[in-house]
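Residue-level structural notes
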There are 2 protein chains.
Amino acid sequence: MGDTYASFTNTGLGRTVVRRLGLPDPPRLRRHDPGAPLAPGPVLLGAAPGGRLGCPVRDLLDRAGTDVRGAIAGGTRHGALIFDATGILDSAGLRALYDFFHPAARSVLGSGRVVVLGTAPELCGPAREATAQRALEGLVRSIGKEFGRGVTAQLVYVAPGGEEAIESTLRFLLSGRSAYVSGQVIRVGAGPATAPADWDRPLAGKAALVTGAARGIGAATARVLARDGAEVIALDVPAAGDALADVANEVRGRALQLDLTAPDSGERLAAHLTGGVDVVVHNAGITRDKTIARMDAARWDSVLDVNLAGPERINDVLVERGLIGDGGRIVGVASIAGIAGNRGQTNYATAKAGLIGLVQSCAPDLAGRGITINAVAPGFIETAMTARMPVLLREAGRRMNSMAQGGLPIDVAETIAWLASPGSGTVTGTVVRVCGQSLVGA
Amino acid sequence: MGDTYASFTNTGLGRTVVRRLGLPDPPRLRRHDPGAPLAPGPVLLGAAPGGRLGCPVRDLLDRAGTDVRGAIAGGTRHGALIFDATGILDSAGLRALYDFFHPAARSVLGSGRVVVLGTAPELCGPAREATAQRALEGLVRSIGKEFGRGVTAQLVYVAPGGEEAIESTLRFLLSGRSAYVSGQVIRVGAGPATAPADWDRPLAGKAALVTGAARGIGAATARVLARDGAEVIALDVPAAGDALADVANEVRGRALQLDLTAPDSGERLAAHLTGGVDVVVHNAGITRDKTIARMDAARWDSVLDVNLAGPERINDVLVERGLIGDGGRIVGVASIAGIAGNRGQTNYATAKAGLIGLVQSCAPDLAGRGITINAVAPGFIETAMTARMPVLLREAGRRMNSMAQGGLPIDVAETIAWLASPGSGTVTGTVVRVCGQSLVGA
């Protein structure tokens, strides 16, 4: 399941061939390295006049030991460009974006980061401010497509009163953990932040349930949550028993063999989780592809049941019985197919769109209980499933994104871990794509 | 600016070549024909039990002289499949979609229509209902990608109390006017409908201002609004004077030469519109492409000024002076670049994303004055601009959508005319793509 093309283009000969022929040039992406600083170089921090986030961001970057610069010094290359755009109140004020990004664009290091901070349009008073803040999205998505070399770009809308709550999100976005996340719009709500005692082990003392944990994205999630300190309960169907046991052993967690489509699965799950859980990752999923004209009812029913009704049942059991409570984190694994639809996947896309609906509709009620619920939506991820795709389709999926390559299961897992962190308590009801800013969307 | 490939594939020899080589097969799309029935064949109408839209939809289709069927009769081919999904209250209920679409999928005629009617998730009470209603989007977008042959698929969320207001939208979606609109989610709000006296001339007696009217989408819009009965004021810069005069003469309207970036343009516009206007189409737009690293400030400023500040200024003048009032319709022309971002278009994408923000943020206040504001977002449209694109880029843009071809300026114009209709008074704050369900999105 390796990307042999990307391996080749990262050799000396490969680089020459790519340059001469003008071929796609997938960079080697910076990924999480426990000892490494947050960004691969100094962080250039700018702001439109009147912004409210410059000071809190500077403070948190200082605390994290980051080298923060307020101006471009000749020849300095930056690990990240952060711009506080909350001071932009109308369309004329958007000029501040050009004034910051035009001279700084070429200074960004490979796998560097661009983060624009704004106020969500729906939280702006005047329509002119809402219009200008909404415009930021066009800039950020264009920069994501323009900068290349593994540089990611995100727009983070921080609610008034959420200034102290952005640390978890900003750390994630600057770090190698967000290697394959780009072109996203993330909302950080108001409220106090619960900073973990140790940012390298934010899940210490937490219990995390991961469904579909025997393989692929689920197994990677079990590993990353365990690395971040969680005690992992790895769940999968009995047929995946051996692989599941291997994962559970590797992460020093517990294996739980359970078919979530069985009528008594809720009861059995509850019986296994008597101590409760802090984190639930709904990763278990199946595909049964056919056009709807050729699809039998069993394909429709099973895909809807596993991918959508399953997470609904688990949430109900856990929430109603108090097995997940204040500080709880629920993360669903959606899909680009659930956003954009896909030929031959009416069942899967319906289920995954429903999962997005579940996240959006349950967030307000769960917020009252101190629980967040979010979804990640993977794009082209290098797994056993994508390795079996026809070569042309696979190459198109791999290259048609701003990273010119597929993501790895760990990229999805890192994104889940950020949403699962105690520090992400004001991020809820959102869907974050892990797709390298795939061209494909809705 | 013709699509010679599509012309070729619609010949006898072309069809053979396409079939033998497995090439993209762009169908000839059904477009508006004054004498033709709404749909190209009988309409199959289905519903999940408990739906609230079956009866009003059946009534309006009957009034429109449409042949409505309640069940599949062997061998009947349908011009449209309409499914009322408002009765679906949870994920188990989604099975009704399969039960309707599985047997009906193959019965849809070329350039036929699929319309699913639902309740917007944010208007659903229980989270389970909101989840299921959100899931509809995955089905519709998949069907749009699956059915081919010029068949479009849309999801229309009808607010409770909006049952009588859907006629304008449903007529548009069934007709050839919506030839290049697919995969869209449209919200029809609550409220009474103002049916035009004559559905073929819904804009009779209305005055419509179209900016950038000398060419392309603007000229097509002037023609379509005039065809629908409007008295058109065609506005463009003085440099486009001859072309503008031609368009104005053709539609028996008035030409108005005005540079909207001039400081006194607001005053001058108001002086010309003393009688007021009913419809305003913000179509005037420019591109000045460069990566942000290479872009000079003039390129940034002019694109932001024309594409975003211009519409803001015009709206202000018209609304504050009461030159547009109750029953008014404002339509902006956005762009896929404003949704997904684009390399080399930080300025344009920022402006167009801002235009989307303008529509969304002004809608509530304008609704209080009886005015709607919406945007259309064209994808790949065959114009003089796209004719100048490099051939490979142009072919990719043309084929990477569910219609396997570029749209025509008239497709955008028809969509604008639907939003401008008196019957569309409860559709506001929305962005409708005219992109043939382009693969590209956010």
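Owing to the predicted nature of the structure, the values given are computational and were not obtained by experimental measurement. (Residues numbered from 1 in each chain as written. Chains lettered and ligands numbered in written order. Predicted model: local features only at pLDDT ≥ 70, side-chain atom pairs only at ≥ 80, totals over all residues. Heavy atoms only, no water.)

Attention now goes to the overall build of chain A. Looking only at helices and strands, chain A features 15 helices and 13 strands. The C-alpha atoms of chain A give 22 Å as radius of gyration, which agrees with the globular expectation for 442 residues (22 Å, within 12%). Seen through its C-alpha atoms, chain A measures out along the principal axes to roughly 65 × 55 × 45 Å. In chain A, 76% of the contacts between residues at least 6 apart in sequence involve partners at least 24 apart. Charge-centre separation for chain A: the mean point of 45 positive side chains lies 8 Å from the mean point of 41 negative side chains. (Helix = DSSP H or I, 4+ residues; strand = E, 2+ residues; numbered from the N terminus. Rg over C-alpha atoms; globule rule 2.2 N^0.38 Å. Contact = heavy atoms within 4.5 Å. Lys, Arg positive; Asp, Glu negative; His and termini not counted. Charge placed at Lys NZ, Arg CZ, Asp CG, Glu CD.)

Residues and elements named next belong to chain B. Taken in spatial order, the 6 strands line up as E2-E1-E3-E4-E5-E6 in an open sheet, and their pairing is parallel. Every interior strand has two partners, whereas the edge strands, strand E2 (68-69) and strand E6 (184-188), have only one. Pairing of strand E1 (residues 43-47) with strand E3 (residues 78-84), which is carried by 5 bridges, proceeds in the parallel orientation. Each residue of the ladder has a partner; that of Leu44, found in E3, is Leu81. Contacts between helix H5 (residues 127-147) and the sheet are confined to E3, strand E4 (108-118), strand E5 (152-158) and E6, with E5 contributing the most and set at about 160° to the helix. (Pairing = 2+ DSSP bridges. Axes fitted to C-alpha atoms, helices over the stretch in contact; angles between N-to-C directions.)

On to the sheet that holds strand E1 (residues 43-47) of chain A. Residues and elements named next belong to chain A. Read from one edge to the other, the open sheet built from 6 strands follows the order E2-E1-E3-E4-E5-E6, with strand pairing classed as parallel. The two strands at the open ends of the sheet, each matched to only one other strand, are strand E2 (68-69) and strand E6 (184-188). With 2 bridges joining them, E1 and E2 adopt parallel strand pairing. Bridging across to E2, Leu44 finds its partner in Arg69. Sheet strands in contact with helix H4 (residues 95-104) are E1, strand E3 (78-84) and strand E4 (108-118), and its direction is about 175° off that of E3. Across the sheet, helix H6 (residues 167-174) is in contact with E3, E4, strand E5 (152-158) and E6; its angle to E4 comes to roughly 155°.

Any two side chains of opposite charge can pair if their charged atoms end up close together. Scanning the entire structure with this criterion turns up 47 salt bridges over all chains. Two residues, Arg128 of chain A and Glu312 of chain B, come together in a salt bridge whose shortest N-O distance is 3.6 Å. With Arg128 of chain A in helix H5 (residues 127-147) and Glu312 of chain B in helix H10 (residues 297-320), the pair connects residues from two separate chains. With relative accessibility at 3%, the residue Glu312 of chain B sits in the buried group. Residues participating in the shared-partner salt-bridge network are Asp3, Glu382, Glu395, Arg398 and Arg399 of chain A. (Salt bridge = Lys/Arg side-chain N within 4 Å of Asp/Glu carboxyl O. Buried < 20%, exposed > 50% of the residue type's maximum accessible area, 1.4 Å probe, protein only.)

Turning to the side chain of Asp84 of chain A, a few remarks are in order. Residues and elements named next belong to chain A. By the element assignment, Asp84 lies in strand E3. Buried and without a salt bridge, Asp84 has Arg52 as its closest oppositely charged side chain, separated by 6.7 Å. Within polar-contact distance, the side chain of Asp84 engages the side chain of Thr86 at 2.6 Å. (Polar contact = N/O pair within 3.5 Å; in protein donor to acceptor, adjacent residues only side chain to side chain.)

Annotation from UniProt places "domain: Ketoreductase" (unreviewed entry) at residues 206-379 of chain A. A distance of 28 Å separates the end C-alpha atoms of residues 206-379 of chain A, which is 47% helix and 18% strand. (UniProt positions renumbered as here; feature names shortened; annotations may be inferred.)

Attention shifts here to the packing of helix H12 (residues 346-367) of chain A against H5 of chain B. The interhelical angle for the contact between H12 of chain A and H5 of chain B, taken along N-to-C directions, is 145°, at an axis separation of 6 Å. Judged by the twist between their axes, the crossing of H12 of chain A over H5 of chain B is right-handed. Residues Thr346, Ala349, Thr350, Ala353, Gly354, Ile356, Gly357, Leu358, Gln360, Ser361 and Cys362 of chain A of H12 of chain A lie in contact with H5 of chain B, whose contacting residues are Ala127, Ala130, Thr131, Arg134, Ala135, Gly138, Leu139, Ser142, Ile143 and Glu146 of chain B. (Left-handed = near helix turned anticlockwise from the far one by under 90°.)

To continue, consider the relation of the copies chain A and chain B. For the pair chain A and chain B, the superposition axis carries a translation of 0.0 Å, the fit reaches an RMSD of 0.0 Å, and the rotation angle comes to 180°. One copy is carried onto the other by what is essentially a two-fold rotation axis. The position closest to the rotation axis in chain A is occupied by the C-alpha of Gly441 of chain A, lying 1.9 Å away. The overlap is high: 100% of the interface residues of chain A also sit at the interface in chain B, so the same surface is used on both sides. (Least-squares fit on C-alpha atoms with pLDDT ≥ 70 in both.)

Residues and elements named next belong to chain A. Taken as a whole, chain A is organised into domain 1 (1-28), domain 2 (31-188) and domain 3 (207-434). One C-alpha centre belongs to domain 1, the other to domain 3, and the line joining them spans 33 Å. Each side of the interface is counted separately: domain 1 has 9 residues, and domain 3 has 10 residues. Roughly 670 Å² of surface becomes buried between domain 1 and domain 3 when both sides are summed, with 55% attributable to carbon and sulfur atoms. Connecting domain 1 to domain 3 are 1 salt bridge. In this structure, Asp3 engages Arg399 in a salt bridge whose closest nitrogen and oxygen atoms are separated by 2.8 Å. On the surface where domain 1 and domain 3 come into contact, there are 2 residue pairs in polar contact (both at pLDDT 80 or more). Here the residues of the side of domain 1 that touches domain 3 sort into 6 nonpolar, 1 polar and 2 charged. (Domains from an automatic or database assignment. Buried area = accessible area lost by both parts, 1.4 Å probe. Nonpolar A, V, L, I, M, F, W, Y, C, P; charged D, E, K, R; others polar.)

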